[in-house]
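# Per-entry structural report
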Amino acid sequence: MNDAVPEHQDVSRRSVLWTAGAAGAGLGLGAFGGTAEAAQQPEERAAGGTAAKEPPRQGRTMIGVPFQRRSTVRVALIGLGNRGAAMAELYLAVPGVQVVALCDPVKAKAERVAAKVTAAGQPAPAVYVHGDHDYEQLLRRGDVDFAHVATPWDSHFEIAKSALLNGVHVGVECPAALQLDQLWALVDLSERTRRHCMQLENCCYGRNEMRVLRMAHAGKFGDLLHGAGAYNHDLRSLMFDPAYYEGPWRRLWHTRLRGDLYPNHGFGPVANYMDLNRGDRAVSIVSVGSPSLGLSRYREANMPAGDPSWKESYIGSDRTISLVQTARGRVIRLEHDVSTPHPYSRINSLGGTKGLFEDYPERIYIEPDHKNDEWGDFSAYAEWDHWLWKEHANPPGAHGGMDYMLVFRLMQCMRLGLVPDFDVYDAATWTSPVPLSHLSIKQRGLPQQIPDFTRGEWRTSRPGMDSEKPADA
Ligand SMILES: NC(=O)c1ccc[n+]([C@@H]2O[C@H](COP(=O)([O-])OP(=O)(O)OC[C@H]3O[C@@H](n4cnc5c(N)ncnc54)[C@H](O)[C@@H]3O)[C@@H](O)[C@H]2O)c1
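These notes cover the structure that comes with them. (Residues numbered from 1 in each chain as written. Predicted model: local features only at pLDDT ≥ 70, side-chain atom pairs only at ≥ 80, totals over all residues. Heavy atoms only, no water.)

Once that is clear, we can look at the environment of Ser 313. Note that Ser 313 resides in the loop between helix 13 (294-302) and strand 9 (320-326). Separated by 18 residues in sequence, Ser 313 and Leu 295 have C-alpha atoms that sit 9.3 Å apart. Setting aside its immediate chain neighbours within four residues, Ser 313 contacts His 254 and Thr 255. (Helix = DSSP H or I, 4+ residues; strand = E, 2+ residues; numbered from the N terminus. Contact = heavy atoms within 4.5 Å.)

In structure tokens, the structure reads:
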């Protein structure tokens with residue numbers, strides 16, 4: 001399985017570009033359109049096309065490809081807003097990691113994080129603050145092993161592409177990209193450059209998620225049948241708060257796309273339970289969306305006349321509900337709702353022939369432990385905790401510690417030269433509901449095929465997040 005190009009035999013940017021040109025594929029949007037794209041409706045093109053047809057492979061698989069072992073991982077953070085600044089602190093808390101470079105066009109944000117780096121006793125990082133494309137200079141430095149991208153969504157694809165072309169492993173905040181042809185381009189770039197492109201899906205590292213994953217693999221739920229996940233998080237006040245995000249970028253997506261804008265937090269964990277891309281795969285999605293009223297009602301109640309938001313028309317469904325079918329016939333329900341009042345929920349449920357787990361609040365019902373329709377106490381199953389959670393009882397950082405687990409484990413894999421827990425195929429699969437739910441809703445509930453980003457390799461089972469503790473950790 002180890003067919004990685006050693007990272008010291010660095011990929012030449014020119015050779016990668018030449019290969020792309022020779023294949024006639026290019027790297028831009030619509031690169032894989034051909035005649036299929038010509039036949040698409042305009043709204044299909046907006047979401048990057050249905051692209052059910054698999055484009056020819058340009059490189060070699062990244063499945064099972066380990067990182068090169070290194071004693072120190074040199075990290076760059078691109079985008080230092082709410083998320084990037086918080087994640088910087090976690091990189092500084094993990095042993096064997098050096099934060100060498102930072103990038104954000106807002107100089108004050110970059111300087112604030114740079115001060116944290118030196119306060120942690122590390123050398124002053126290089127800082128890139130000259131506009132929206134300064135990340136390109138950062139990625140050309142030659143001393144960055146891994147770039148963490150925490151910028152607004154529309155820049156994720158271009159930054160990830162630039163990282164790969166410069167021989168830098170890259171992790172991207174959710175969603176990895178917004179269009180289907182961008183997802184294919186990331187798969188192909190990762191395969192050609194021999195660098196990993198990963199969706200930084202922190203919820204997969206939640207304590208409950210990892211416990212359910214281990215129990216599912218041990219057969220505690222029997223044969224798996226169905227699961228559900230969501231991003232149901234009332235973001236109205238944050239999306240209209242001019243001081244929270246760097247501009248209104250997040251709200252503006254509700255004027256552009258109709259479907260599930262943020263499927264990864266719900267889809268990633270259930271995909272792991274069901275071993276998607278590791279023995280099963282997601283084959284189709286059908287989505288329906290409610291009317292879009294929440295943001296305009298919030299604006300009416302809270303925003304003064306003349307606020308720029310009054311020029312916006314919201315088309316995104318307040319609640320999008322999608323059903324994903326897998327090759328083995330299982331069903332996954334995904335929900336997305338960030339524009340109506342409700343308590344936070346990622347649903348996070350899994351059911352099989354022996355029973356089920358449901359989160360928010362956590363509860364379990366499996367045979368033979370439970371009967372008479374009475375839910376059981378999930379805390380009684382702590383013995384099934386993943387080794388990461390047994391070792392780090394009180395991890396630092398936000399989101400109950402799962403952010404730290406993600407960073408710790410990824411950095412561990414890079415230091416020890418291990419195969420990452422998740423790869424570009426997972427990134428593409430977990431993100432594909434963004435364009436496909438939009439298309440399904442636009443086409444009044446027409447099912448959309450989810451591409452096989454592994455090009456047939458999903459049939460082979462292999463480890464993912466249900467890892468063994470490394471012997472030399
Ligand atoms: N996984 C999670 O739990 C989680 C939580 C919050 C946010 N996020 C994700 O993190 C990302 C950032 O969200 P946020 O809340 O920090 O937003 P934000 O607006 O607070 O921060 C974005 C930052 O990116 C900077 N930026 C914009 N364009 C840039 C460019 N071209 N190069 C470098 N920097 C650039 C902005 O100046 C800003 O500081 C989003 O993708 C969001 O979905 C993930």
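Moving on: the packing of aromatic side chains. Inspection of the entire model under this criterion finds 16 aromatic pairs. Considering the side-chain rings of Trp 153 and Trp 253, the 6.4 Å spacing of their centres and the 35 degrees angle between planes classify their relative orientation as tilted. Taken together, the positions of Trp 153 in the loop between strand 4 (146-149) and helix 7 (156-165) and Trp 253 in the loop between helix 11 (249-252) and helix 12 (264-273) put the pair 100 residues apart, joining distant regions of the chain. For the pair shown, Trp 153 and Trp 253 are each scored as buried. Ring centres of Phe 378 and Tyr 381 lie 6.5 Å apart, and the angle between their planes is 25 degrees; this geometry places the pair in the stacked category. Looking at Arg 250, its charged tip hangs above the ring of Tyr 262, at a distance of 4.7 Å from the centre. The ring of Trp 253 carries the charged tip of Arg 256 above its face, separated from the ring centre by 4.6 Å. (Phe/Tyr/Trp six-rings, centres within 6.5 Å; stacked < 30°, edge-to-face > 60°. Buried < 20%, exposed > 50% of the residue type's maximum accessible area, 1.4 Å probe, protein only. Lys NZ or Arg CZ within 6 Å of the ring centre and 35° of its normal.)

A separate point is unusual backbone geometry. In this chain, Tyr 360 is followed by Pro 361 through a cis amide linkage whose omega measures -5 degrees. When you line up the elements, Pro 361 lands in the loop between strand 12 (355-358) and strand 13 (363-366). Of note, the bond from Glu 367 into Pro 368 is cis; its omega dihedral lies within 30 degrees of zero at 5 degrees. With respect to the helices and strands, the residue Pro 368 is situated in the loop between strand 13 and helix 14 (387-391). Look at Asn 277: it is not a glycine, yet its phi comes out positive at around 70 degrees. Mapped onto the elements of the fold, Asn 277 is located in the loop between helix 12 and strand 8 (282-289). Its relative accessible area of 4% is what places Asn 277 among the buried residues.

Looking now at the site of the ligand. Taken together, 28 residues surround the ligand, and among them Asn 82, Arg 83, Asp 104, Asp 132 and Glu 246 come closest. Residue Cys 174 places a main-chain N or O atom 3.1 Å away from an oxygen atom belonging to the ligand. Secondary structure elements with two or more residues in the shell around the ligand: helix 4 (82-93) and helix 11. Of the residues in the shell around the ligand, the class split is 13 nonpolar, 8 polar and 7 charged. (Near = heavy atom within 4 Å. Polar contact = N/O pair within 3.5 Å; in protein donor to acceptor, adjacent residues only side chain to side chain. Nonpolar A, V, L, I, M, F, W, Y, C, P; charged D, E, K, R; others polar.)

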